[in-house]
Amino acid sequence: ETMLLANNLLLVVAAASVLLGTIYPLIYEAITDGKKISVGPPYFNTVFVPVVTVLFVLMALSTSSRWRHTSIRDLIREQWPLAAASLVGVGVLLLINGKGFEPQVLITVAIALWILLSLIREMLARVRNKSARLRALFLQPASYYGMLFGHLGIAVAITGVCLTVYYSVEKDVRMAAGDMVEVAGYQVTFNGMSKVKGPNYLADRGELVVVYDDEIVTTLWPEKRYYPAAQNVMTEADIDAGLFRDVYVALGEAVGESAWAVRIHYKPFVRWVWFGGLLIMLGGMVTLADRRYRRIRAGRTVVAPALGSTA
């Protein structure tokens with residue numbers, strides 16, 4: 001009961017902090033006759049991040065919690081080896097990856113790994129005393145698999161958010177044909193511009209070759225499109241997407257006769273944010289398929305007419 005209460009309370013506080021940060025600028029503008037104020041990362045990092053960090057720690061602990069049968073001492077005894085292993089493992093990875101050591105990354109990714117290890121430990125504990133362990137693993141209630149997907153989705157999502165925030169690289173550069181710029185170990189060479197005619201637009205298309213470890217990774221074709229019918233200009237970025245990183249390029253404005261302003265982004269693990277969200281959604285859908293909920297609903301349907309006929 002304590003875990004459920006803490007979960008709901010922390011989620012409400014987190015949602016309220018986001019709501020406050022969203023509407024406060026509007027309220028301030030309304031009561032100050034048009035004066036504007038912005039609420040950005042400093043506010044959310046100070047208010048939102050600590051709340052959800054506590055929530056994630058409780059999530060890691062929750063897999064060892066049993067209804068009215070788990071003491072704090074038992075929780076600590078079962079979970080501290082997993083927490084310590086996660087902290088040490090992520091710390092070693094951060095030290096050897098060469099991208100810089102960030103304490104917040106260490107804490108957040110270690111919690112995500114801790115959640116994953118707790119899920120694995122709980123799965124093994126469920127089938128430990130079964131004769132056919134693999135078969136028993138696939139015979140659990142649907143709500144259990146929903147919990148697994150949901151918690152795994154949280155771990156994946158917070159890993160993606162944290163690594164993207166701290167290790168993304170963005171460069172705005174002036175490039176002419178033949179120029180090369182290095183971004184997070186990738187060499188991006190600008191080969192020039194060409195004119196392209198689309199179905200309802202005219203475009204200036206750039207050609208940029210991306211090289212990593214002396215091997216061509218991809219060629220990106222960002223465009224600056226002009227739509228004659230609407231009389232507007234749109235920027236069409238090109239993205240090389242991957243499981244562990246995205247590299248994308250967008251064109252700015254022409255600078256002189258032969259050069260362009262070019263924006264290059266390197267975003268590690270950004271796809272994990274969306275994968276995590278999909279896993280959370282999948283967990284909710286799988287949980288709804290649990291037969292026990294259908295039996296409860298059927299029982300209520302039967303009881304209701306019986307009570308009505310008695311009245």
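Preceding this section is the structure that the text describes.
Notes on the structure follow. Keep in mind that this is a model prediction, so the values were computed, not measured.

Quick notes on the overall build of the protein
Counting its regular elements, the protein contains eight helices and 10 strands. In terms of C-alpha radius of gyration, the protein reaches 26 Å, well past the compact-globule figure of 19 Å for 311 residues. Its C-alpha atoms put the protein at 85 × 55 × 45 Å along the principal axes. Across the 311 residues that make up the protein, the buried fraction comes to 33%. Put simply, 53% of the contacts in the protein that link residues at least 6 apart link residues at least 24 apart. For the protein, the accessible surface area stands at approximately 19300 Å², while carbon and sulfur atoms represent 64% of it. One way to put it: in the protein the 30 positive side-chain charges average out to a point 17 Å from where the 24 negative ones average out.

Some remarks on the pairing of strand S8 (residues 238-241)
Pairing of S8 with strand S9 (residues 245-255), which is carried by four bridges, proceeds in the antiparallel orientation. Directly across from Ala241, in S9, lies its bridge partner Asp246. Between S8 and S9, which pair antiparallel in sequence order, lie three residues.

Examining the nonpolar core
General note: in soluble globular proteins, nonpolar side chains tend to be found buried as a group. Within the largest apolar cluster, 23 residues are counted, with the highest numbers of intra-cluster contacts made by Phe56, Trp114, Ile115, Tyr145, Leu148, Ile154 and Ile158. Going through the elements one at a time, helix H1 (2-31), helix H2 (41-62), helix H4 (103-127) and helix H6 (142-167) are the ones with two or more residues in this core. Ignoring sequence-local partners within four residues, the contact set of Trp114 consists of Val57, Ala60, Leu61, Gln79, Leu82, Ala83 and Ser86. Counting 16 residues, the second-largest nonpolar core is a separate cluster that includes Val183, Val210, Val249 and Tyr266.

Notes on the sheet that holds strand S10 (residues 259-268)
Spatial ordering of the open sheet is given by S1-S10-S9-S8, a layout of four strands whose pairing is antiparallel. Among the strands making up the open sheet, the edge pair consists of strand S1 (169-176) and S8. Strand-to-strand twist of the sheet, defined as the mean angle between neighbouring strand axes without regard to direction, takes the value 20°. Where H6 meets the sheet, its contacts fall on S1 and S10, and the angle it forms with S10 comes to roughly 140°.

A few points about the pairing of strand S7 (residues 232-236)
Across five bridges, the pairing between strand S6 (residues 223-227) and S7 is antiparallel. Looking at the pairing, Arg225 lines up with Met234 of S7. Connecting S6 to the antiparallel partner S7 that follows it, the hairpin turn spans four residues, and Gln231 within it adopts a positive phi of roughly 55°.

Topic: unusual backbone geometry
Look at Ala184: it is not a glycine, yet its phi comes out positive at around 55°. If you trace the backbone, Ala184 turns up in the loop between strand S2 (180-183) and strand S3 (186-197).

Considering the packing of H2 against H4
At a minimum axis separation of 8 Å, H2 and H4 run at an interaxial angle of 25°. As summarised for this structure, H2 and H4 are arranged roughly parallel, according to the angle between their axes. Between H2 and H4 the crossing geometry is left-handed. Residue-level inspection shows Val49, Thr53, Phe56, Val57, Met59, Ala60 and Leu61 of H2 in contact with H4, the latter providing Gln104, Ile111, Trp114, Ile115 and Ser118. Class assignment of the residues belonging to the contact of H2 with H4 gives a composition of nine nonpolar, three polar and no charged.

Here is what the cut-offs are and how they apply
Residues numbered from 1 in each chain as written. Predicted model: local features only at pLDDT ≥ 70, side-chain atom pairs only at ≥ 80, totals over all residues. Heavy atoms only, no water. Helix = DSSP H or I, 4+ residues; strand = E, 2+ residues; numbered from the N terminus. Rg over C-alpha atoms; globule rule 2.2 N^0.38 Å. Buried < 20%, exposed > 50% of the residue type's maximum accessible area, 1.4 Å probe, protein only. Contact = heavy atoms within 4.5 Å. Areas by Shrake-Rupley, 256 points an atom, 1.4 Å probe, with all protein chains shown as cover. Lys, Arg positive; Asp, Glu negative; His and termini not counted. Charge placed at Lys NZ, Arg CZ, Asp CG, Glu CD. Pairing = 2+ DSSP bridges. Core = buried A, V, L, I, M, F, W, Y, C linked by side-chain atoms within 4.5 Å. Axes fitted to C-alpha atoms, helices over the stretch in contact; angles between N-to-C directions. Parallel < 35°, antiparallel > 145°, perpendicular 65-115°, else oblique. Left-handed = near helix turned anticlockwise from the far one by under 90°. Nonpolar A, V, L, I, M, F, W, Y, C, P; charged D, E, K, R; others polar.

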